[in-house]
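If you want the building blocks of each chain, they are given just below.
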Amino acid sequence: MCLSTLRIEEILCFTLSLLRSNVFAVAKLVAHKYTLGCVVGERERERERERERERERSIYHVFPFHFVVGRITPNLQSQTFEELGSKFQNLKPGGLYSPNQCVARHKVAIIIAYRNREEHLRILLNNLNPLLQKQELEYGIFVVEQEEGCRFNRAMLMNIGFKEVISMYDYECFIFHDVDHLPENDFNMYSCTGNPRHMAVAVDKFGYNLIYGSYFGGVSALSKCQMEAINGFPNRYFGWGGEDDDIYTRLVTKQYKIVRYALDIARYKTIRHQRDKGNEDNGDRSILNF
Ligand SMILES: [Mn+2]
């Protein structure tokens, strides 16, 4: 059974083209999206209508509707795991979260392929948790760590994360996330729709532009159904490079249309680093095919 297509993101996406011309219309549509974001009881619904009437009365109170604000500045400070633990006490054991004011429409697993980047991971967690909570998602963050001894295999780690998570939980949406990518806009929804979405479109290290048309690296969102339709990610890419292009090919071969938000929104800052030892260039990348 496939994830039902909620179309919420299309609404959000549509708001972006309006952003330049009519801020109030944007705010209204974003509010609409967030009204759709949760299933609430009648009392909350009435309160929501009251808030909506208040907003209509005041021209000064356009943003924020609920919690999202648009552009955000990533916090590059690194905190210890203990500090993160006391900061995010609303997480359940295992780093799981669900909003307590409503039932989230999206149940999302964030899968992070990881090795030897503890500081990056701590910075990412410090940035991701607030964003995911503002987006009113039910989520879990799953870090899949590769042992020392052979070249890093990002795609295989993502596959392992996916398989492990579906064996334990009923998440229906998967965000495959590089450890060094920090979101710069909280309109960039961490959720899935009927087509796979490439989320890291405008990345600082590429001058905030899509580096090439079929780029699918950094951060991407696939539903469980889409992931199963392409038989997961390729396992054969050891070392840096190539696996994201292979994933792109798998998706278009299955007739999926890759969705991307506007550059303003699908925007990421990356944490600068040297190429890791054990993640040398994958020399076979050009001859590998799925
Ligand atoms: Mn990197």
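Worth saying up front: this structure is predicted, and the values here are computed from it rather than measured.

### A short note on the overall build of the chain
So, point 1. Each helix and strand counted, the chain has eight helices and 11 strands in total.
So, point 2. Partitioning the contacts of the chain with sequence separation of at least 6, the portion at a separation of at least 24 is 83%.

### Some words on helix H6 (residues 154–168)
So, point 1. Here H6 is 15 residues long and its end C-alpha atoms lie 21 Å apart, about the 21 Å a rise of 1.5 Å per residue gives.
So, point 2. Buried within H6 are the following residues: Arg-154, Ala-155, Met-156, Leu-157, Met-158, Asn-159, Ile-160, Gly-161 and Phe-162.
So, point 3. Buried positions along H6 lie against strand S4 (107–114), strand S5 (138–145), strand S6 (173–177), helix H7 (224–229) and helix H8 (243–253).

### Re the sheet that holds strand S11 (residues 267–270)
So, point 1. With mixed pairing, three strands are arranged side by side in an open sheet as S7-S11-S9. With partners counted over all chains shown, the strands left at the sheet margins are strand S7 (181–183) and strand S9 (202–203), one partner each.
So, point 2. With three bridges joining them, S7 and S11 adopt antiparallel strand pairing. Bridge pairing in S11 links Leu-182 to Lys-269.

### Let's talk about the nonpolar core
Soluble globular proteins tend to pack their nonpolar side chains together in the buried interior.
So, point 1. Val-108, Ile-110, Ile-111, Phe-174 and Ile-175 are the most contacted members of the largest nonpolar core, which has 58 residues in total.
So, point 2. Of all elements in the fold, only S4, helix H5 (118–134), S5, H6, S6, S9, strand S10 (219–223) and H8 reach the threshold of two or more residues within this core.
So, point 3. Ignoring anything within four residues of it in the chain, the contact list for Ile-175 reads Val-108, Ile-110, Ile-111, Tyr-190, Val-219 and Ala-221.

### Some words on the environment of Ala-202
So, point 1. Within the secondary structure, Ala-202 is located in strand S9.
So, point 2. With 21 C-beta atoms counted inside 10 Å, the residue Ala-202 sits in the buried group.
So, point 3. In this structure the C-alpha to C-alpha distance between Ala-202 and Leu-263, which are 61 residues apart in sequence, comes to 5.3 Å.
So, point 4. Not counting residues within four places of it along the chain, the set of residues in contact with Ala-202 comprises Tyr-208, Asn-209, Leu-263, Ala-266 and Arg-267.

### Here's the deal with the environment of Ile-166
So, point 1. On the secondary structure map, Ile-166 appears in helix H6.
So, point 2. Along the primary structure Ile-166 and Ala-109 are separated by 57 residues, whereas in three dimensions their C-alpha atoms are 9.4 Å apart.

### As for the environment of Tyr-171
So, point 1. Examined against the element boundaries, Tyr-171 turns out to sit in the loop between H6 and S6.
So, point 2. The spatial distance from the C-alpha of Tyr-171 to the C-alpha of Tyr-139 is 8.0 Å, given a sequence separation of 32 residues.
So, point 3. Among residues more than four places away in sequence, those in contact with Tyr-171 are Lys-107, Val-108, Ala-109, Gly-140 and Val-165.

### Describing the sheet that holds S4
So, point 1. Here we have six strands laid out as an open sheet, ordered S2-S5-S4-S6-S10-S8, and mixed in their pairing. Each edge of the open sheet is held by one strand with a lone partner, namely strand S2 (96–97) and strand S8 (197–198).
So, point 2. Sheet topology places S4 next to S5; eight bridges connect them, and they run parallel. Bridged to Ala-109 within S5 is Gly-140.
So, point 3. Across the sheet, H5 is in contact with S2, S4 and S5; its angle to S5 comes to roughly 165°.
So, point 4. Sitting on the sheet, H6 touches S4, S5 and S6, and the angle it makes with S4 is about 145°.

### Brief notes about unusual backbone geometry
So, point 1. Positive phi is not limited to glycine here, since Glu-136 has a value of about 55°.
So, point 2. On the secondary structure map, Glu-136 appears in the loop between H5 and S5.
So, point 3. Judged by local crowding, Glu-136 falls into the buried class, with 21 C-beta atoms found within 10 Å.
So, point 4. Located in the positive-phi region is Tyr-208, a residue other than glycine, with phi close to 60°.

### Here's the deal with H5
So, point 1. The terminal C-alpha atoms of H5, which comprises 17 residues, lie 25 Å apart, in line with the 24 Å expected from a rise of 1.5 Å per residue.
So, point 2. Looking only at H5, the buried set comprises His-120, Leu-121, Ile-123, Leu-124, Leu-125, Asn-126, Asn-127, Leu-128, Asn-129, Leu-131 and Leu-132.
So, point 3. If you follow the buried residues of H5, they end up packed against helix H4 (81–87), S2, S4, S5 and S7.
So, point 4. Looking at the residues trailing H5, positive phi occurs at Glu-136, about 55°.

### A word on the pairing of S5
So, point 1. Summarising the sheet, S2 and S5 pair through two bridges and their orientation is antiparallel. Within the sheet, the bridge partner assigned to Leu-96 lies in S5 and is Gly-140.
So, point 2. Taken together, S4, H5 and S5 constitute a β-α-β crossover, and its handedness is right-handed.

### Re the confidence of the model for the chain
So, point 1. Scored by pLDDT, the chain has a mean of 79; 76% of the residues are at 70 or more.
So, point 2. Every residue in residues 1–40 scores below 50 in pLDDT, and together they form 61 contacts with partners more than four places removed in sequence or on other chains.
So, point 3. Considering only residues more than four positions removed or in separate chains, one finds that residues 58–65, a stretch of pLDDT under 50, has 12 contacts.

The rules we used
- Residues numbered from 1 in each chain as written.
- Predicted model: local features only at pLDDT ≥ 70, side-chain atom pairs only at ≥ 80, totals over all residues.
- Helix = DSSP H or I, 4+ residues; strand = E, 2+ residues; numbered from the N terminus.
- Contact = placed C-beta atoms within 7 Å.
- Expected span 1.5 Å × (residues − 1).
- Buried ≥ 20, exposed ≤ 12 C-beta atoms within 10 Å, placed from the backbone.
- Pairing = 2+ DSSP bridges.
- Core = buried A, V, L, I, M, F, W, Y, C linked by C-beta atoms within 7 Å.
- Axes fitted to C-alpha atoms, helices over the stretch in contact; angles between N-to-C directions.
- Right-handed = clockwise from strand over helix to strand, strands pointing away.
- pLDDT = per-residue confidence, 0-100.

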